[in-house]
Amino acid sequence: GPLQGGRCPFGGASPGSAPALSPTGCPISANAAAFDPFEGPYQVDPAEALRWSREQEPVFYSPKLGYWVVSRYEDVKAIFRDNRVFSPSIALEKITPVSQAAQDTLKRYNYGMNRTLVNEDEPAHMERRRALMEPFTPEELAHHEGMVRRLTREYVDRIADKGRADLVDEMLWEIPLTVALHFLGVPEEDMDTLRTYSIAHTVNTWGRPSPEEQVAVAETVGKFWQYAGKVLEKMRQDPDRHGWMPYGIRKQKDLPEVVTDSYLHSMMMAGIVAAHETTAHASANMFRLLLENREIWQEICENPSLIPNAVEECLRYSGSVVAWRRIATVDTRIGDVEIPKGSKLLIVSASANHDGRHFENPDELDIYRDNTTDHLTFGYGSHQCMGKNLARMEMRIFLEELTRRLPHMELVPNQTFTYLPNTSFRGPDHLWVQWDPAANPERRDPAILERFTAFPIGAPAKRDAARQLRVREVHAEANGIVRLTLEDPRGRRLPRWSPGAHLDVTIGDYVRKYSLCGDQDDPYTFQIAVLRDPQGRGGSAFIHERIRPDMLVRIGGPKNHFRLEEGASSYLLVAGGIGITPIVAMADRLKRLGKDYAIHYAGRALETMAFVERLRRDHGERLHLYPSCEGRRLDLEALTRDAKPGTQVYACGPERLLTHLERLAEGWPDGMLHVEHFSSAGTQLDPSREIGFDVELRDSGLTVHVPPDQTVLQALRAVGVDVPSDCEEGLCGTCEVNLIEGEVDHRDKVLTQSERAENRRMMVCCSRARSGKLSLAL
Ligand code: HEM
Ligand code: FES
């Protein structure tokens, strides 16, 4: 893209007609100039509206907003993660400047909304967050589950026999508000008043009210503020009440400088909005999305255990918080773009959640997706939503009740959905559904009312996202190698995948990774090839001896940790043995793209090498075979020495082949070599050979002990620090954290030699301390 370099190519000079310039003196592209977060495509679908940006200009200056907009997953996450360089202090600032008249109105009410948690800087933020965390622990949240279930039942009872309802007005708006008020500990008699006020706050903060509207909104916000103060007073009189606000009032006794009066008053108001609208909108988005994807709705009706993952996938695909804000506290960079101190950033999580660099087939709704919890709808890092597990609980119960009691519900056709124009919160104003009450299952079988499924509190467990596939065909691909063709048992389409992607196949107690190697255009099947490995952990032997057509297997994925960058001009594909599986898919893709590529494929003997016929047929002269028993050796030195400049090397095969390449690559430009290891060695911990050590979490001010029988990741989870992980074998890079100091025993396959030498980051799923203590930026 024209603006990707840190220094703009024009140095600020404007050739011909003068284009507008960004604050760093770069010309503003037409797309960036046209970007308007309050109307048009962004309001229709923020992720789609920023597709161009994800692809061409991932960080751009929006003159209409006066903000830098960030759209890629890695960038958005990096900004969330670094709340010192990117301060959240502007998170609740009014995005549309307030008119004098509105300011005067607010002043009359002594409006004093101040820092709460979400917009507080360190170290004050972490101290306060820790002090107020307990009511969000799973044990505490469990006390609210019965109330959420009861409320949901009551609301469904009211609509069940009507045959038609606006789910937003008749259920999804009200329940989260009531739950929020209960959670906060608001007395029953004040609930109705607070209800009427809460919406004004959103328009006030994230919307673009006209000058006249501003005064009216300010009037309501002012009243809300005053009323919040009264409710707080009432709580102070009754210090033993249940709820998060009374808990804060009690904490104030011990920690008056951490839990301040200003905090309590501000949170009394902000807390309602944080807990209410976010959840109401997310629920409405979820029902719209699932009812628009009828097959998936049906599948959930048949199998409620899919609900936690379905909720998560809806939060990813169509979350209720679509963008968040930060401000740069120093001159810095995001990707290649220079960001001056004081720049305001709109980080668009909805766009990040549809970034194909992180989510395979990002635009497909896939309730089996097993990295869906990586979505950024709850933010990330030390400010990540504290209420996420309460929101999840509510959304799961709504979905569980409605799929069980009204499975035949459908969207009223041809309705148009409207949204309140604002940058950050998104959910339809109305959601009309209809059904035939005569067909309600509870009329035939009232026992249905009692037969609900409950879920543990927290993020969905990975294994619940497993997809059951049927073996269609078992084919002897070469000596010692079988190829399996898998399909959906109901004949449905499977998610699309990209070359380099793999499946996690569960066989008994084992989970094994197998690269996809079939036809990328066939949406109904997956193919994997499995080498019988006598030394293997048992999975491959099972597949060879026992797998037959029609058997069912559990799979996770597809996932891709070995992604083909399609922008290069020339490619060298290197495979050893069964390492050909991802390479064959890459070769097919490169041929399709019309690229210059060569395949170098080494093996023991032709009869033991998979796909030889197919490769000869499809890739002809580009294929070079090296069966060692015929004395043909792959000369990696020569091959890479002669490579054209700009060549990208992709390699998969045995460890010695990859180590050799990695050694050669030390002299190459960064990012030229891409390798995939089958599996990392020594991921099983042997406690008798390990040492225990301490890990200091600088951002959180915690020290965690890692005993010899635990990974750092496990020890972090045990104290409630969520670090995302995926492979848990040091292969994927998901669990990377920044290291501040300490000597790391790096055991992953992600970092290069030079990255290890830098000692700035580590993979916590497998790497440990060599000695002494580690300090992490967590
Ligand atoms: C923070 C989203 C529900 C309480 C946040 C943040 C986001 C968010 C994006 C900022 C994260 C960051 O800066 O990294 C959501 C969504 C929800 C939801 C999408 C529903 C689907 C709730 C509920 C509660 C809640 C139900 C409370 C009961 C909070 C609090 C923070 C927060 C207290 C501030 C945390 C901090 O700064 O340390 N939420 N939220 N949220 N949320 Fe939520
Ligand atoms: Fe994959 Fe740690 S989780 S490298």
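A brief report on the enclosed structure follows. A quick note: this is a predicted structure, and the numbers were derived from the prediction, not measured.

## Comments concerning the overall build of the protein chain
Stage number 1. Per the secondary structure count, the protein chain includes 26 helices and 26 strands.
Stage number 2. For the protein chain, the C-alpha radius of gyration of 28 Å lies close to 28 Å, the compact-globule estimate for 778 residues.
Stage number 3. For the protein chain, the spread of C-alpha atoms along the three principal axes comes to 90 × 75 × 60 Å.
Stage number 4. Within the protein chain, the proportion of its 778 residues that are buried is 56%.
Stage number 5. Contacts spanning at least 24 positions in sequence make up 71% of the contacts within the protein chain whose residues lie at least 6 apart.

## Some thoughts on the coordination of the iron atom of ligand 1
Stage number 1. Protein coordination of the iron atom of ligand 1 is limited to a single donor, Cys-385 (SG), which sits 2.3 Å from the metal.
Stage number 2. One can find Cys-385 in the loop between helix 17 (349–352) and helix 18 (388–405).

## Digging into helix 14 (residues 261–292)
Stage number 1. The first and last C-alpha atoms of helix 14 sit 46 Å apart over 32 residues, in line with the 46 Å expected at 1.5 Å per residue.
Stage number 2. For helix 14, the principal kink sits at Met-267 and spans about 35°.
Stage number 3. For helix 14, the tally of buried residues reaches 26 of 32 residues, placing the bulk of the element in the interior.

## Looking at the packing of helix 15 (residues 294–302) against helix 18
Stage number 1. Contact geometry of helix 15 with helix 18 gives a least axis separation of 9 Å together with a crossing angle of 90°. On the basis of the axis angle, helix 15 is roughly perpendicular to helix 18. Contacts between helix 15 and helix 18 involve Trp-297, Ile-300 and Cys-301 from the first element and Leu-399, Leu-402 and Thr-403 from the second.
Stage number 2. Looking at side-chain class alone, the contact of helix 15 with helix 18 contains five nonpolar, one polar and no charged residues.

## Some points on the packing of aromatic side chains
Aromatic ring pairs are described here by two measures, namely the spacing of the ring centres and the angle between the planes.
Stage number 1. Evaluation of the coordinates by the stated rule reveals 15 aromatic pairs.
Stage number 2. Centre to centre, the rings of Phe-35 and Tyr-42 are 5.5 Å apart; their planes meet at 85°, and the pair counts as edge-to-face.
Stage number 3. Tyr-42 sits in the buried class, given a relative accessible area of 3%.
Stage number 4. Note on Phe-183 and Trp-244: the rings are 6.1 Å apart at their centroids and 40° apart in plane angle, and the pair reads as tilted. Remark: Trp-244 occurs in helix 13 (residues 244–254) and Phe-183 occurs in helix 10 (residues 174–184); sequence separation between them is 61 residues. Accessibility assignment for this pair places Phe-183 and Trp-244 in one class, buried.
Stage number 5. Among the aromatic residues, those joined into a ring-pair cluster are Phe-35, Tyr-42, Trp-52 and Phe-60.
Stage number 6. The ring of Tyr-419 is capped by Arg-426, whose NZ or CZ atom sits 4.1 Å from the centre of that ring.

## Re the nonpolar core
Stage number 1. By size, the foremost hydrophobic cluster in this structure holds 90 residues, and its most contacted members are Leu-167, Trp-244, Met-268, Phe-287, Leu-399 and Met-409.
Stage number 2. Of the residues forming this core, the biggest block, 14 residues, is contributed by helix 14.
Stage number 3. Residues within four places of Phe-287 in sequence aside, it is in contact with Leu-167, Leu-172, Trp-297, Phe-398, Leu-399, Leu-402, Met-409 and Leu-431.
Stage number 4. Counting residues in hydrophobic clusters, the runner-up holds 44 residues, among them Ile-95, Ala-323, Ile-339 and Phe-359.

## Remarks on the side chain of Gln-415
Stage number 1. With respect to the helices and strands, the residue Gln-415 is situated in the loop between strand 9 (410–411) and strand 10 (432–434).
Stage number 2. Classification of Gln-415 as buried rests on a relative accessible area of 18%.
Stage number 3. Among the polar contacts listed, one links the side chain of Gln-415 to the backbone oxygen of Trp-432, at a separation of 2.7 Å.
Stage number 4. Setting aside chain neighbours within four positions, we find Gln-415 in contact with His-430, Leu-431 and Trp-432.

## Some thoughts on the sheet that holds strand 4 (residues 164–166)
Stage number 1. Spatially, three strands are ordered 4-10-9 in an open sheet, and the strand pairing comes out antiparallel. Edge positions in the sheet fall to strand 4 and strand 9, since each of these pairs with one other strand and no more.
Stage number 2. Two elements, strand 4 and strand 10, share three bridges in a ladder whose sense is antiparallel. For Asp-166, the partnering residue across the bridge sits in strand 10 and is Trp-432.

## A short note on the packing of helix 14 against helix 15
Each packed pair of helices is defined by two parameters, the angle between the axes and the distance between the axes.
Stage number 1. Taken N-terminus to C-terminus, the directions of helix 14 and helix 15 make an angle of 105°; their axes are 5 Å apart at the nearest point. Relative to helix 15, helix 14 is oriented roughly perpendicular. Only Arg-294, Ile-296, Trp-297 and Ile-300 of helix 15 make contact with helix 14, whose side of the interface consists of Phe-287, Leu-290, Leu-291 and Glu-292.
Stage number 2. A class-by-class count of the residues in the contact of helix 14 with helix 15 yields six nonpolar, no polar and two charged.

## Examining helix 20 (residues 539–546)
Stage number 1. Those residues of helix 20 that sit buried are Gly-539, Ser-540, Ile-543 and His-544. Considered in projection along helix 20, the buried side chains sweep an arc of 130° and stay on one side of the axis.
Stage number 2. Tucked into the core, helix 20 has its buried residues touching strand 12 (481–487), strand 13 (501–507), strand 14 (510–515) and strand 15 (525–531).

Cut-offs used in this document
Residues numbered from 1 in each chain as written. Chains lettered and ligands numbered in written order. Predicted model: local features only at pLDDT ≥ 70, side-chain atom pairs only at ≥ 80, totals over all residues. Heavy atoms only, no water. Helix = DSSP H or I, 4+ residues; strand = E, 2+ residues; numbered from the N terminus. Rg over C-alpha atoms; globule rule 2.2 N^0.38 Å. Buried < 20%, exposed > 50% of the residue type's maximum accessible area, 1.4 Å probe, protein only. Contact = heavy atoms within 4.5 Å. Donors = N, O, S within 2.8 Å, 3.2 Å for Na, K, Ca; no water. Expected span 1.5 Å × (residues − 1). Bend = angle between axes of the 7 residues up to and from the residue. Axes fitted to C-alpha atoms, helices over the stretch in contact; angles between N-to-C directions. Parallel < 35°, antiparallel > 145°, perpendicular 65-115°, else oblique. Nonpolar A, V, L, I, M, F, W, Y, C, P; charged D, E, K, R; others polar. Phe/Tyr/Trp six-rings, centres within 6.5 Å; stacked < 30°, edge-to-face > 60°. Lys NZ or Arg CZ within 6 Å of the ring centre and 35° of its normal. Core = buried A, V, L, I, M, F, W, Y, C linked by side-chain atoms within 4.5 Å. Polar contact = N/O pair within 3.5 Å; in protein donor to acceptor, adjacent residues only side chain to side chain. Pairing = 2+ DSSP bridges. Arc of directions from axis to C-beta.

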